[in-house]
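For reference, the chains in residue letters:
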Amino acid sequence: MSTEYKGKHAELCRAIASAKRDEALEIIYAFFRSEENTDSYSISLLTIVRELIEDSDSDALYQLRIRMRNQGDRVLINMAQFVMAFEEGEFEDAAETLAGKCVAELPKLARSMQEYADEEGLSPATQMAGLRIREAVRLLMDYFKSHHDTKALEKCMDANLEMTRAFLFEYAHYMTADMLMIAKAAEKRHDEARQIKMCRELVSGYADKLDVLKKTSQPDHELLECIAALKYAYEKLNTIDPDTPYSEELATIQTCAI
């Protein structure tokens, strides 16, 4: 399935995805000459893309630092889209190089997001940035899943949760979905300690969602996402912690969740 490319560089992504090398280079050089190159990141990004198309490597890539104060959200979503475009256009080396850079930068981006939130606070702008970053990480995870790169995939999951904590912690369905994803990945690789840690965090942080569930006859999608994560956590903890059974919570979920 092809990616739906968005944003100011969508046309370039589509050209790359179609393996139209010359057309892609024409778009890049036209952008360099245009009056649209007024943001602080496009020139460096498109220089990287040009070098990868022409040489399968990029000196500019190794100088790039993805940080929140340098529009890290916009940089990352564009880079993730370029990864998918290179993959679709069968520029496999370029896709691998760019994806590797992205995953290496994620922990640093997460730290810079938390620093930004601590200093500047949260706002509608940080919410939008957080959503762009989530979408970028989703694309990267799709890429690593298709290449069966479990190590990179789990690095994405861990960084994604930290970035959600920084900018989107008020959205319980995002937090619980991220924790559930990590818990399931830990279960798959038989890391019970990590799995239980996530389950305990889910229960300690979001058990109040059961009270919300009891009070509504038509739970919305966001609430159901929280409940699905809680159900997983309660079921796991119920099997390892018989002295503190969660049968009542599980019965509530079974009765109320439609």
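This one's a predicted model, so the numbers in the text were calculated from it and none came from an experiment.

*Asks:* Help me out: how do you make sense of the overall build of the protein in this one?
*Replies:* Within the protein, the secondary structure is distributed over 13 helices and zero strands. Secondary structure elements of the protein, listed N to C terminal, follow the sequence α-α-α-α-α-α-α-α-α-α-α-α-α. The proportion of buried residues among the 258 residues of the protein is 48%. Of the contacts formed within the protein by residues at least 6 apart in sequence, a portion of 66% connects residues at least 24 apart. Surface summary for the protein: the accessible area is close to 13400 Å², and the carbon and sulfur share equals 48%. Placing the 32 positive and 47 negative side-chain charges of the protein at their respective mean positions leaves the two points 2 Å apart.

*Asks:* What's the story with the packing of aromatic side chains in this structure? I'm lost.
*Replies:* For any pair of aromatic rings, the description consists of the separation of the ring centres together with the inter-plane angle of the planes. Enumeration over the complete set of coordinates arrives at six aromatic pairs. Ring plane angle 80° and centroid distance 6.1 Å describe the contact between tyrosine 29 and phenylalanine 32, whose orientation is recorded as edge-to-face. Pair noted here: tyrosine 29 and phenylalanine 32 are both in helix H2 (residues 21-33), with a separation of three residues, about one helical turn. Relative accessible area serves as the criterion here: at 33%, tyrosine 29 is assigned to the partly exposed category. Note on tyrosine 171 and tyrosine 174: the rings are 5.8 Å apart at their centroids and 45° apart in plane angle, and the pair reads as tilted. Among the residues examined, tyrosine 171 registers a relative accessible area of 27% and is labelled partly exposed.

*Asks:* Can you help me understand the packing of helix H9 (residues 172-188) against helix H12 (residues 221-240) in this one?
*Replies:* The relative placement of two packed helices is expressed as an angle between their axes plus a distance between the axes. Interhelical geometry of H9 versus H12 gives an angle of 30° and a closest axis separation of 9 Å. One way to sum up the angle between H9 and H12 is to call them roughly parallel. For the pair H9 and H12, the crossing hand works out as left-handed. Across the interface between the two elements, Ala172, His173, Thr176, Ala177, Leu180, Ala183, Lys184 and Glu187 of H9 pack against Glu222, Glu225, Cys226, Ala229 and Tyr232 of H12.

*Asks:* I keep staring at a negative patch on the surface and nothing clicks. Help me out?
*Replies:* Taken together, the side chains of Glu90, Glu92, Asp93, Glu96 and Asp149 present a region of like negative charge at the surface. With respect to the helices and strands, the residue glutamate 90 is situated in the loop between helix H5 (72-88) and helix H6 (92-120).

*Asks:* Sorry if this is basic, but what is going on with the pattern of salt bridges here?
*Replies:* Close approach of charged atoms lets side chains of opposite charge pair. Throughout the structure, instances matching the rule amount to 21 salt bridges. With its nearest N and O atoms 3.5 Å apart, the salt bridge here joins glutamate 120 to arginine 69. Placement of glutamate 120 in helix H6 and of arginine 69 in the loop between helix H4 (59-63) and H5 is noted, with a sequence separation of 51 residues between them. Judged by relative accessible area, which is 49%, arginine 69 ranks as partly exposed. The structure contains a network of salt bridges with shared partners spanning Arg67, Lys101, Glu105 and Lys108.

*Asks:* What am I meant to see in empty space enclosed by the protein here?
*Replies:* One pass over the structure, following the stated rule, counts one cavity of 30 Å³ or more. If you add up the space inside the largest cavity, you get close to 30 Å³. In terms of lining, the largest cavity is formed by Met113, Gly130, Ile133, Arg134, Asn160, Met163, Thr164 and Leu168. Elements with a contribution of two residues or more to the lining of the largest cavity: helix H7 (124-146) and helix H8 (150-167). Residue classes in the lining of the largest cavity are distributed as four nonpolar, three polar and one charged.

*Asks:* What is the right way to read the state of the cysteines from this model?
*Replies:* In protein chemistry, a disulfide is the covalent bond that joins the sulfur atoms of two cysteines. For the structure shown, the criterion picks out zero disulfides. The closest cysteine sulfur to the non-disulfide-bonded cysteine 13 is located on cysteine 102, 12 Å from its own sulfur. What makes cysteine 13 buried here is its relative accessible area of 1%. For cysteine 156, which is in no disulfide, the shortest distance to another cysteine sulfur is to cysteine 102 and amounts to 8.5 Å.

*Asks:* Before we go on, may I ask you to explain the side chain of histidine 173 in this structure?
*Replies:* Tracing the sequence through the fold places histidine 173 in helix H9. In this view, histidine 173 contacts Glu222, Glu225 and Cys226; residues no more than four positions away in its chain are not counted.

*Asks:* Would you explain H5 in this entry?
*Replies:* Residues three or four positions apart in an α-helix share a direction because the helix packs 3.6 residues into each turn. Over its 17 residues, H5 runs 24 Å from end to end, which matches the ideal 24 Å to within 8%, given 1.5 Å per residue. With its phi angle positive at about 65°, glutamate 90 sits one or two positions after the end of H5.

What counts as what
- Residues numbered from 1 in each chain as written.
- Predicted model: local features only at pLDDT ≥ 70, side-chain atom pairs only at ≥ 80, totals over all residues.
- Heavy atoms only, no water.
- Helix = DSSP H or I, 4+ residues; strand = E, 2+ residues; numbered from the N terminus.
- Buried < 20%, exposed > 50% of the residue type's maximum accessible area, 1.4 Å probe, protein only.
- Contact = heavy atoms within 4.5 Å.
- Areas by Shrake-Rupley, 256 points an atom, 1.4 Å probe, with all protein chains shown as cover.
- Lys, Arg positive; Asp, Glu negative; His and termini not counted.
- Charge placed at Lys NZ, Arg CZ, Asp CG, Glu CD.
- Phe/Tyr/Trp six-rings, centres within 6.5 Å; stacked < 30°, edge-to-face > 60°.
- Axes fitted to C-alpha atoms, helices over the stretch in contact; angles between N-to-C directions.
- Parallel < 35°, antiparallel > 145°, perpendicular 65-115°, else oblique.
- Left-handed = near helix turned anticlockwise from the far one by under 90°.
- Patch = residues over 30% accessible without salt bridge, like charges linked within 9 Å, V, L, I, M, F, W, Y side chains within 5 Å.
- Salt bridge = Lys/Arg side-chain N within 4 Å of Asp/Glu carboxyl O.
- 1 Å grid on protein atoms, 1.4 Å probe; cavity = no way out; pocket = protein on both sides within 12 Å on 5 of 7 lines; lining within 4 Å.
- Points joined across faces, edges and corners; volume = space filled by probe spheres on them.
- Nonpolar A, V, L, I, M, F, W, Y, C, P; charged D, E, K, R; others polar.
- Disulfide = S-S within 2.5 Å.
- Expected span 1.5 Å × (residues − 1).

It is worth stressing that arrangement in space is one thing and function is another; only the former is reported here.
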